[in-house]
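Fold and geometry: a report
Letter by letter, the chains look like this.
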Amino acid sequence: MSKVTEVVEELAAPIFQELGLELVEIEYVKEGKSWFLRVYIDKESGVDIEDCGVVSEKLGEKLDEVDPIPHNYFLEVSSPGAERPLKKAKDFEKAIGKNVFIKTYEPIDGEKSFEGQLLEFDGQTIKIEVKIKTRKKTIEIPYEKVASARLAVIFS
């Protein structure tokens, strides 16, 4: 499946550059009997339905031309949403000062899930400030131990 996402990423790169958009993630998954190619896009000011429509049209044309997927599928283009995934180092750098939710492959201080404010990221270590009852604690998470991460919406 990663071969499909790699080809789609290559085909989509010029489109994103032309439109000033960022590729957040590409998923190629089977759900029931149907295949879905999901492309998540973003930009500084946020994306709207028009952005998604333009990308869907341009990318759809390119995919029809090159035909890298041998069977029927649904193309979906959307925003990653408020709880956007953090996949690459640059995603963590852009998220400094924001609330994040991080899961690790192995426990750190006896925990595998952390939610709090991302304080620092130096490419190797993520520093996150978590709130434990009434006190705040800074946790250092090695980047290679991150299983998944996303922005977190905090309701107060």
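Our structure's up above, just so we're on the same page.
Throughout what follows, the structure given in this document is the object of discussion. (Residues numbered from 1 in each chain as written. Predicted model: local features only at pLDDT ≥ 70, side-chain atom pairs only at ≥ 80, totals over all residues. Heavy atoms only, no water.)

Turning our eyes to something else, we now look at the packing of aromatic side chains. This model, assessed by the stated rule, comprises 5 aromatic pairs. Aromatic pair Y28 and W35: ring centres 4.8 Å apart, planes at 20 degrees, arrangement stacked. Of the two residues, Y28 and W35, neither departs from the other in class, the shared state being buried. When the centroid spacing of 5.5 Å and the interplanar angle of 85 degrees are considered together, the rings of F92 and Y143 count as edge-to-face. (Phe/Tyr/Trp six-rings, centres within 6.5 Å; stacked < 30°, edge-to-face > 60°. Buried < 20%, exposed > 50% of the residue type's maximum accessible area, 1.4 Å probe, protein only.)

As defined by bridge partners, strand β4 (residues 99-108) adjoins strand β5 (residues 111-121) across 6 bridges and the pair is classed as antiparallel. Looking at the pairing, I102 lines up with F114 of β5. The hairpin turn running from β4 into β5, its antiparallel successor, is 2 residues long, and D109 in that turn takes a positive phi close to 55 degrees. Inspection of the sheet shows β4 paired to strand β8 (residues 146-151) by 5 bridges, in the antiparallel sense. Its bridge partner lying in β8, K103 is registered against S148. (Pairing = 2+ DSSP bridges. Helix = DSSP H or I, 4+ residues; strand = E, 2+ residues; numbered from the N terminus.)

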